[in-house]
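# Close look at the chain arrangement
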Amino acid sequence: MKKIPLFNLALENNPLKIKIMKSWSEIYDNNSFTSGKETIKFEKDFSNLCNTRYALGVHSGTDSLIITLKAAGIKSGDEVITTPCTFTATTDAIIHSGAKPIFADVDQKTGNILPDEIENKITSKTKAILLVHLYGVPCEMDKIKKIAKNHKIFIIEDSSHAHGSLYKGKPVGSFGLAGCFSLYPSKPLGSMGNAGVITSNNKAFIDKARSYANHGILIHKNKYEHFRVGFNKLIDNLQSAVLIHKIPTLKQKIVKKISIAKKYNEAFSKIDEPGMYWPNNTEPSLYVYSIQTKKIKEYREHFSKHSIEANSYYPIPLHLQPSLKFLGYKKGDFPNAEKFFSQTLSIPLFPQLTESEVNHIVKTISLLKKNN
Ligand SMILES: *Cc1c(COP(=O)(O)O)cnc(C)c1O
């Protein structure tokens, strides 16, 4: 049997090939490569998806974070509370802003930052909470919103795993000052290169972010008059065109992934493993299907023997990364985060999995018991 991969980019992109090639051909003929007509449409479609007033397309997820922190006025001497259970870009962006990342421990079942731990870390220097909806499962937004309001600090949602995820029916990226999304090809909504997007309901903020992303110019003003020291980070038309074609397919893909994940969960429950957890009041985009288990090595070998890829995303929590040693954290500082990332194991989850592949994975899960 051919190995079932964790994710299959070709199956994701092939159905859209003709449409995308047609759009790219028009862009080529018009020589309109940089941000333009397609970008305007993409931003409108993405803000509709997130139910926010504004969206701003940028070069990458990392850039969406850097521009957001800059436009939020976060600078040297400030503190930003964040999670050790994420991809390195979340924290790197805080450091590039000049601020200090302050980690707070996570929930053992979701790997998401804990509201009580956030509250414990707030000081007079705290300017923002930069949270991550890990694997697409939304954080506890009601509690986090209350904390942010009480302490007058910003919420910034790194939603790079969570395009289209809902918390109590409301899309992520719409809860705070800004939502930041990576549109890297493998993310729940992916471009065909590098791209990212920022969402917001705050006009002053998004205007400032747009200016920072475009050399500090102001729209409707002279393009050679620069009002702030900016960057060159706007999304281009080629990536915008891809995303315009992909956004309409997202909702259905999420529904399909949730239904497959529920089948895996049922199979795991029969062998007394909890499967993947998400709260009842959420509908996660499920960037990956990931369980918590002490038997990572054993399980990975079992799946591999049955031609199923299984792997761990982000095995090292950020406070233990060599790049962040200068922050002075050590092993044991965030026990939940350390445990969560040492026990995270993912198996294939994508909407194009065939029924027989899903059945094979379910059966392979049920065989785990006999092995133990
Ligand atoms: C992928 C990712 C990023 C970075 O996005 P890029 O588009 O690769 O720059 C940031 N945060 C999280 C949580 C991510 O998974």
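This is a predicted model, so every value here is computed, not measured. (Residues numbered from 1 in each chain as written. Predicted model: local features only at pLDDT ≥ 70, side-chain atom pairs only at ≥ 80, totals over all residues. Heavy atoms only, no water.)

### Some remarks on the overall build of the protein chain
Secondary structure assignment for the protein chain yields 13 helices and twelve strands. Taking 21 Å as the expected radius of gyration for a compact globule of 372 residues, we find that the protein chain reaches 21 Å, a close match to that expectation. Projecting the C-alpha coordinates of the protein chain onto the three principal axes gives extents of approximately 70 × 55 × 35 Å. When each of the 372 residues of the protein chain is scored for burial, the buried share is 55%. Looking at the protein chain alone, contacts between residues at least 24 apart form 70% of all its contacts between residues at least 6 apart. Accessible area for the protein chain stands at about 17,100 Å²; split by element, carbon and sulfur atoms hold 53% of it. If the 51 positive side-chain charges of the protein chain are averaged to one point and the 33 negative ones to another, these points end up 1 Å apart. (Helix = DSSP H or I, 4+ residues; strand = E, 2+ residues; numbered from the N terminus. Rg over C-alpha atoms; globule rule 2.2 N^0.38 Å. Buried < 20%, exposed > 50% of the residue type's maximum accessible area, 1.4 Å probe, protein only. Contact = heavy atoms within 4.5 Å. Areas by Shrake-Rupley, 256 points an atom, 1.4 Å probe, with all protein chains shown as cover. Lys, Arg positive; Asp, Glu negative; His and termini not counted. Charge placed at Lys NZ, Arg CZ, Asp CG, Glu CD.)

### A few points about helix α8 (residues 203–213)
What α8 keeps buried is the set F205, I206, A209, S211, Y212 and A213. Against β1 (54–58), α4 (61–71), β8 (178–182) and β9 (196–200) lie the buried residues of α8. Where α8 begins, one side-chain oxygen reaches toward the backbone nitrogen of A204, 3.1 Å away; that side chain belongs to N202. Phi for H215, located one or two positions after α8, is positive at around 60°. (Polar contact = N/O pair within 3.5 Å; in protein donor to acceptor, adjacent residues only side chain to side chain.)

### Observations regarding the domain arrangement of the protein chain
If you check the domain split of the protein chain, you get domain 1 (9–248) and domain 2 (250–371). Just the C-alpha atoms count here: the centres of domain 1 and domain 2 sit 25 Å apart. Facing 43 residues of domain 1, the contacting portion of domain 2 comprises 38 residues. At the boundary of domain 1 with domain 2, total buried surface from both sides reaches about 3,500 Å², with 64% on carbon and sulfur atoms. Interface area lost by domain 1 to domain 2 is led by F103, Q108 and Y135, which between them contribute 21%. In this structure, the connection of domain 1 to domain 2 is made through one salt bridge. Across the pair K253 and E12 runs a salt bridge, and its minimum N-O distance is 3.3 Å. At the junction of domain 1 and domain 2, the tally comes to 16 residue pairs in polar contact (both at pLDDT 80 or more). Going through the elements one at a time, α1 (9–13), α5 (88–97), β3 (100–103), β6 (166–167) and α9 (237–270) are the ones with two or more residues in the side of domain 1 that touches domain 2. Here the element with the most residues in the side of domain 1 that touches domain 2 is β3; it accounts for four residues. For the side of domain 1 that touches domain 2, the per-class residue count stands at 22 nonpolar, twelve polar and nine charged. (Domains from an automatic or database assignment. Buried area = accessible area lost by both parts, 1.4 Å probe. Salt bridge = Lys/Arg side-chain N within 4 Å of Asp/Glu carboxyl O. Nonpolar A, V, L, I, M, F, W, Y, C, P; charged D, E, K, R; others polar.)

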